[in-house]
Amino acid sequence: MSRIRLWAVLLLLGLLLGCQPRGDDAALMGDAEAAAEVARLRALVDGAEPVNAENFECIQALRRRFPQAALVEDTYLGALYKRSDWGGLIAALGEQPAAKLDLKRSKWLARAYFRQGDYPNLVSLSDQLAQRLGDDYELLKLRALGLLNVGREADAGELLDRHWESVQARADVDAMVLRGRAHHRLQQLPAAIEKFELALQHAPGNKVALNALSRIYYQQGDSARALALSERAAATQAQATAQSTERLQLVNRLAKMQEAWQQEDYQAVLEYAEASVEQVRGENRRAVLQYIIESNHHLGRPEAAASARAELEKMQQ
Amino acid sequence: MNDRFEHQRAALVSAFAALCGLLLGGCGDESTAPSPSATATVSAPTTSVRFVDATEVSGVDFKHHAGRSELKLMPEIMGSGVAIADFDRDGAPDIVLANGGNLRAEQRPAHAANRLFLNDGAGRFHDATVAWALPSQGYGMGVAVGDYDNDGFVDLYLTHFDGNDQLLRNTGAGFVDVTTKVGIESDGMWSTSAGFFDYDRDGRLDLYVTRYLKFSVADAPKTFRNELLVYPTPLLFEPVADRVWRNLGDGRFEDVSAGLGLLAAPGKGLALAIGDLDGNATDEIYVANDTAANQLWLSSHTGPWQDVGAVSGAAFDDQGREEGSMGADYSDYDGDGLLDITVSNFQLEATSIYRQQQPLLFRETADLVGVGLSSRARLSFGIDFFDVDNDGWEDLLVANGHIEDNVHVNSDSVTFAQANSLYLNHGDGRFVDISAQAGAALAVEAVSRGLATADLNGDGALDFVISNNDALAQVAYNQSEAGNFVMLWLEGTRSNRSAIGARVEARIGERLLQRQVMGAQSYLSVSDFRLHFGLGEAEQIDQLLIHWPSGETQQLTDVAAGSFYHLREGGQLQAFVPGEFAAEATQQ
């Protein structure tokens, strides 16, 4: 990539990220190799692949070289977020005055506090942000969650009530459930039931609403209804768990397929590949088909290889 | 192989790694939000609570051997349990530590033996493993104790990864393997925590065995986080139903799991707490399941048991989500007369405090009571309520340590070895984390698993033992400035001899303390059965009400502080000195 193109990419990234140019930014842009590395890592952070330890170390190395470069810092923060390193994100952002955080970083920090379960700091941050940023819907919800979890259920409920039109307009089931939980905590059971039922109208399998309703009916002595709701929640959960398990098993099979390839156990490669091929799409499917082709070749099965190759060519058309 | 294939292989690696990156890594999901509920903060504490590391001076030189391998086989990371019980009946609590082994070896390596340490009463232990013929086989997990044959000597039950559990009869001078003789049979499934209890109240101890999941060493699956191979998530495996063995009284046990309804409700059980939560003289059995709904079984003498975990509010976090649950215990931590439940969980999941608001109606209050935030920073296993400063309020000790030995690669803020947590009960319904102020024993960072408590050195203050994965076990002595105490060793006559299931109410002025003899709690472990009452400044317990499992209630008055008492059902209190108890163990 030419230096001019790199400059353009980095400038565009900077504009998109809302970064203010700092001293190290100029130094970074003057170092073609480093600039290319930042662009690569930025693309990684923004893409679908995970940020593995090696790439994370690359980001940290750049950060050591260009401690004031906004693009590097933003890439680092994005990597922490992507790696679900909430403690790291809080350490990096939490020391800064809320007034200096832009909206994106404010949200990252708020989400990190939520993920970390640091509700007092979430509320404190949202107190400061509410004055500066106005009514950002996500921040409002995070604030409501924080309030609920520091024992300010009435405040959480009042906040959601003030924005109830937005909740309804968005058909925001999570917010409906949250309102129901605030009522439930305050033992306002009829109102809690109403909100949970409303959530279930939009999302009949909402596990939180089902579980909460089952607890309320159990408390009210209606065990049969409670157990029926609990069973519905369990069925929903079982479905979600099965989906997660299926994905985990797919990853496991693909890992074992690669191991078998390295061990030149082509029969095993075929077994893993054939068990996986219908569950993968795009590049993954093309790669798995190629494993099938190559393994069949090694096993002296040209017809099977040809069949897989035909499928691959069909995909590539 | 052509270039295009190389390119596609690379694409597959990165794409499936992306898929891995979205998936889970261990006993829980660190990528999901924690369980919110309400928060209360208590300012940084000053405390007189002090625990010193007494591992060396105690003589307990046990090292756990996990046999960890690059294959990252799940049992290697689970650790094992510790039991504290008076095996030689001298009035001083002894220690059994289960060991792991090597999953790929035919036999347990000699260096990975289970160990028995006998106590002289002053907290000095000697190894009696060989003298008492304590066996070691398979890959060890949990320990349970109870006097199943009512001969006065507590017996031992060891659980194993391969399900070949062992019931060891205590003769008073050694152990005899009676597993086959009593009819306990293995089905090859991974058993974890176990506990003796008398669910049918016939005076004979039955046995609950918690079981985990179907794991094959030969075909172990792989889990990745950010492209890094980590110990696998339980989500990859099928759950295994728990088992209940009923003691028939003729020297045999019968598997009654099917009739009780357990086979239809498999979880991924790691821990067990058994006690009478609502004071109705029947047991409630809490099973902590890993990435599955926890269960709260209402036991019954006659018909199938009912799981009310979900409807009672004790199965999930506050949002109705399953957690990576590892340990469990009961206590009336807030002194309202109803036992509450605590459950240790995965990193970023709070240690649950299910407060019993009305009989069998719970609300998760970890954040409200001050346990939430700091517990989310740790991955927790063993857990035990115990009164560290003898003020009558039960405090909370938690054994911590991650399940990914390479977690530091994926996180700047999470470590494999972690310090354990001690929460001091303020007595107003709130806890404060005093781990950093409570002495050197709590500063140690390890991969802690099993945990049990007892007064090991006979000074009236409760100590603890923690089993650490692939490391030395820790013995810690309590050197806190503590209040007065009474220690009560109960023995049933009509009730089971271990008095498991006995519930005791101690009235001290206006205060009412409640304690139970629990046959199971924590993780893979069991604490001393003797009941400890911290009296603070009080000189006596004004009234002691003992609800024996037989249904008898016994009342005693004016019990002087500062003593260890032995009480046989229907008899009188006898003071004793730990290590010098001389009563004969006779058949009832």
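Note that this is a predicted model, so its numbers are computed, not measured.

Got a sec to walk through the overall build of chain B? Specific residues and values, please.
Along its length, chain B carries 8 helices and 40 strands. Scaling as 2.2 N^0.38, a compact globule of 588 residues should have a C-alpha radius of gyration of about 25 Å, and chain B matches this with 23 Å. Projected onto the principal axes, the alpha-carbon positions of chain B cover approximately 90 × 55 × 50 Å. The proportion of buried residues among the 588 residues of chain B is 68%. Looking at chain B as shown, the accessible area adds up to about 17600 Å², and 48% of this sits on carbon and sulfur atoms. The distance from the centre of the 38 positive side-chain charges to the centre of the 83 negative ones in chain B is 4 Å.

Summarise the overall build of chain A; cite the residues concerned and give the values.
On a plain count of helices and strands, chain A comes out with 18 helices and 0 strands. A globule of 317 residues ought to have a C-alpha radius of gyration of about 20 Å, yet chain A, at 26 Å, is considerably larger. The C-alpha extent of chain A, read off along each of the three principal axes, is 70 × 60 × 30 Å. In chain A, which comprises 317 residues, the proportion classed as buried is 52%. The contacts of chain A with a sequence gap of at least 6 include a subset with a gap of at least 24, amounting to 54%. For chain A, the distance from the average site of its 39 positive side-chain charges to the average site of its 42 negative ones is 3 Å.

An account of helix H15 (residues 223-262) of chain A is requested, with residue identities and associated values reported.
Spanning 40 residues, H15(A) covers 57 Å between terminal C-alpha atoms, matching the ideal 58 Å at 1.5 Å per step. Following H15(A) by one or two positions, Glu264(A) has its phi on the positive side, about 60°.

Tell me what's going on with helix H4 (residues 53-65) of chain A, and back it up with residues and numbers.
Residue and element names in this part refer to chain A. Taking 1.5 Å of rise per residue, the 13 residues of H4 would be expected to cover 18 Å, and the 18 Å separating its terminal C-alpha atoms lies within 8% of that figure. Within the sequence span of H4, burial applies to Asn-55, Phe-56, Ile-59, Gln-60 and Leu-62. Along the axis of H4, the buried positions cluster into a sector of 160°, meaning they face one direction only. Facing away from the buried surface of H4 by more than 90 degrees, the exposed residues are Glu-54, Arg-64 and Arg-65. In this structure, the buried side of H4 is in contact with helix H3 (32-46) and helix H5 (70-82). At the N-terminal end of H4, a side-chain oxygen is found 3.2 Å from the backbone nitrogen of Glu-54, two or three residues along, and the residue is Asn-52.

Describe the side chain of Ser380(B), naming the residues involved and giving the relevant values.
Residues and elements named next belong to chain B. Considering the arrangement of structural elements, one finds Ser-380 in strand E24 (residues 380-386). Ser-380 gets classed as buried once you look at its relative accessible area, which sits at 2%. Of note is the side chain of Ser-380, whose polar atom sits 2.7 Å from the side chain of Asn-400. Apart from residues lying up to four places away in sequence, Ser-380 is in contact with Met-326, Ser-344, Asn-345, Thr-351, Val-398, Ala-399 and Asn-400.

Quick rundown of the nonpolar core? Include the residues and the values.
Core analysis: the biggest nonpolar cluster contains 96 residues, and Tyr286(B), Tyr330(B) and Ile341(B) have the highest contact counts within it. Counting residues in hydrophobic clusters, the runner-up holds 55 residues, among them Leu116(B), Leu156(B), Val182(B) and Ala506(B).

Would you mind going over the packing of H3(A) against H4(A) in detail, with residue names and values included?
Residues and elements named next belong to chain A. Between H3 and H4, the least distance of the axes is 11 Å, while the angle of their chain directions is 135°. By the angle between their directions, the pair H3 and H4 is classed as oblique. Here H3 and H4 pass one another in a crossing that is left-handed. Residues Ala-34, Glu-37, Val-38, Arg-40, Leu-41, Leu-44 and Val-45 of H3 form the contact with H4, whose participating residues are Asn-55, Cys-58, Ile-59, Leu-62 and Arg-65.

Just give me the short version of the packing of helix H17 (residues 282-298) of chain A against helix H18 (residues 302-316) of chain A, but keep the residues and values in it.
Residue and element names in this part refer to chain A. Relative to each other, H17 and H18 sit at 160°, their axes nearing to 8 Å. Classified by the interaxial angle, the pair formed by H17 and H18 is roughly antiparallel. For H17 against H18, the interelement crossing comes out left-handed. Judged by residue contacts, Gly-282, Arg-285, Arg-286, Leu-289, Gln-290, Ile-292, Ile-293, Asn-296 and His-297 of H17 engage Ala-304, Ala-305, Ala-308, Arg-309, Glu-311, Leu-312, Met-315 and Gln-316 from H18.

Give me the environment of Val150(A): which residues, what numbers.
Residues and elements named next belong to chain A. Relative to the helices and strands, Val-150 resides in the loop between helix H9 (137-149) and helix H10 (153-162). We classify Val-150 as buried; its relative accessible area is 17%. Each C-alpha atom of the pair Val-150 and Val-123 lies 8.3 Å from the other, and the pair is 27 residues apart in sequence.

For the sheet that holds strand E11 (residues 206-211) of chain B, give the residues involved together with the corresponding values.
All names here are of chain B. Pairing is antiparallel across the open sheet formed by 4 strands, whose spatial order is E10-E11-E14-E15. The open sheet terminates on both sides in strands that have one partner only, identified here as strand E10 (191-197) and strand E15 (253-255). Taken over all neighbouring pairs, the strand axes of this sheet differ in orientation by 20° on average, direction set aside. In this sheet, E15 lies alongside strand E14 (residues 243-247) in antiparallel orientation, the contact comprising 3 bridges. The partner of Asn-247 across the bridge, within E15, is Phe-253.

How would you summarise unusual backbone geometry if you had to cite specific residues and measurements?
Residue and element names in this part refer to chain B. One non-glycine residue, Thr-291, lies in the positive phi region at around 60°. Its identity as a non-glycine residue notwithstanding, Leu-360 has a phi of 60°, on the positive side. Along the chain, Leu-360 falls in the loop between strand E22 (352-358) and strand E23 (361-364). Leu-360 sits in the buried class, given a relative accessible area of 9%.

Account for the packing of aromatic side chains, naming residues and giving values.
The final tally for this structure, using the stated rule, is 30 aromatic pairs over all chains. Ring plane angle 50° and centroid distance 5.7 Å describe the contact between Tyr148(B) and Phe253(B), whose orientation is recorded as tilted. In this pair, Tyr148(B) is assigned in the loop between strand E6 (140-146) and strand E7 (155-160) and Phe253(B) in strand E15, connecting sequence segments 105 residues apart. Residue classification places Tyr148(B) among the buried positions, given a relative accessible area of 9%. The rings of Phe161(B), Trp190(B), Tyr212(B), Phe215(B) and Phe237(B) are connected pair by pair, giving a single aromatic cluster. Arg63(A) extends its terminal NZ or CZ atom over the ring of Tyr76(A), reaching a point 3.8 Å from the ring centre.

Any details on the sheet that holds strand E37 (residues 540-547) of chain B? Residues and values, ideally.
Residue and element names in this part refer to chain B. If you walk across this open sheet you meet the 4 strands as E35-E34-E37-E38, and the pairing is antiparallel. Each edge of the open sheet carries a strand with a single partner, namely strand E35 (511-516) and strand E38 (553-560). Strand-to-strand, the axes of this sheet are offset by a mean angle of 20°, without reference to chain direction. Where E37 lies against E38, 7 bridges are found, and the strand directions are antiparallel. Directly across from Ile-541, in E38, lies its bridge partner Val-559.

Could you give an account of the confidence of the model for chain A, with specific residues and numbers?
Confidence along chain A averages 88 in pLDDT terms, with 92% of residues attaining 70 or more. Predicted confidence in chain A is weakest over helix H1 (residues 3-17) of chain A, with a mean pLDDT of 43, and strongest over helix H13 (residues 189-202) of chain A, with 98.

Run through the side chain of His184(A), naming residues and quoting values.
Residues and elements named next belong to chain A. Position of His-184 among the secondary structure elements: in helix H12 (residues 173-185). Residue His-184 is classed as buried on the basis of its relative accessible area of 12%. Here His-184 is in contact with Leu-189, Ala-192, Phe-196, Ala-212, Arg-215 and Ile-216, once residues within four sequence places are set aside.

Now, about the pairing of strand E27 (residues 421-425) of chain B: what can you tell me, with residues and values included?
Side chains on a regular strand alternate between the two faces of the sheet. Residues and elements named next belong to chain B. The buried fraction of E27 amounts to 5 of the 5 residues, a majority that puts the element mostly inside the structure. The alternating pattern of E27 places Ser-421, Tyr-423 and Asn-425 on one face and Leu-422 and Leu-424 on the opposite face, and all of these are buried. Bridge analysis of strand E25 (residues 395-400) against E27 gives 3 bridges, and the strand direction is antiparallel. Looking at the pairing, Val-398 lines up with Ser-421 of E27. Where E27 lies against strand E28 (residues 431-433), 3 bridges are found, and the strand directions are antiparallel. Each bridged residue has a counterpart across the sheet, and for Leu-424 the counterpart in E28 is Val-432. Between E27 and E28, which follow one another and run antiparallel, lie 5 residues, and Gly-427 among them has a positive phi close to 85°.

Can you break down the pairing of strand E30 (residues 448-454) of chain B residue by residue, with the values?
All names here are of chain B. Within E30, 7 of the 7 residues are buried, which leaves it mostly tucked inside the rest of the structure. As paired strands, E30 and strand E31 (residues 463-468) are joined by 5 bridges and run antiparallel to one another. For Leu-451, the partnering residue across the bridge sits in E31 and is Ile-466.

About the criteria used
Residues numbered from 1 in each chain as written. Chains lettered and ligands numbered in written order. Predicted model: local features only at pLDDT ≥ 70, side-chain atom pairs only at ≥ 80, totals over all residues. Heavy atoms only, no water. Helix = DSSP H or I, 4+ residues; strand = E, 2+ residues; numbered from the N terminus. Rg over C-alpha atoms; globule rule 2.2 N^0.38 Å. Buried < 20%, exposed > 50% of the residue type's maximum accessible area, 1.4 Å probe, protein only. Areas by Shrake-Rupley, 256 points an atom, 1.4 Å probe, with all protein chains shown as cover. Lys, Arg positive; Asp, Glu negative; His and termini not counted. Charge placed at Lys NZ, Arg CZ, Asp CG, Glu CD. Contact = heavy atoms within 4.5 Å. Expected span 1.5 Å × (residues − 1). Arc of directions from axis to C-beta. Polar contact = N/O pair within 3.5 Å; in protein donor to acceptor, adjacent residues only side chain to side chain. Core = buried A, V, L, I, M, F, W, Y, C linked by side-chain atoms within 4.5 Å. Axes fitted to C-alpha atoms, helices over the stretch in contact; angles between N-to-C directions. Parallel < 35°, antiparallel > 145°, perpendicular 65-115°, else oblique. Left-handed = near helix turned anticlockwise from the far one by under 90°. Pairing = 2+ DSSP bridges. Phe/Tyr/Trp six-rings, centres within 6.5 Å; stacked < 30°, edge-to-face > 60°. Lys NZ or Arg CZ within 6 Å of the ring centre and 35° of its normal. pLDDT = per-residue confidence, 0-100.

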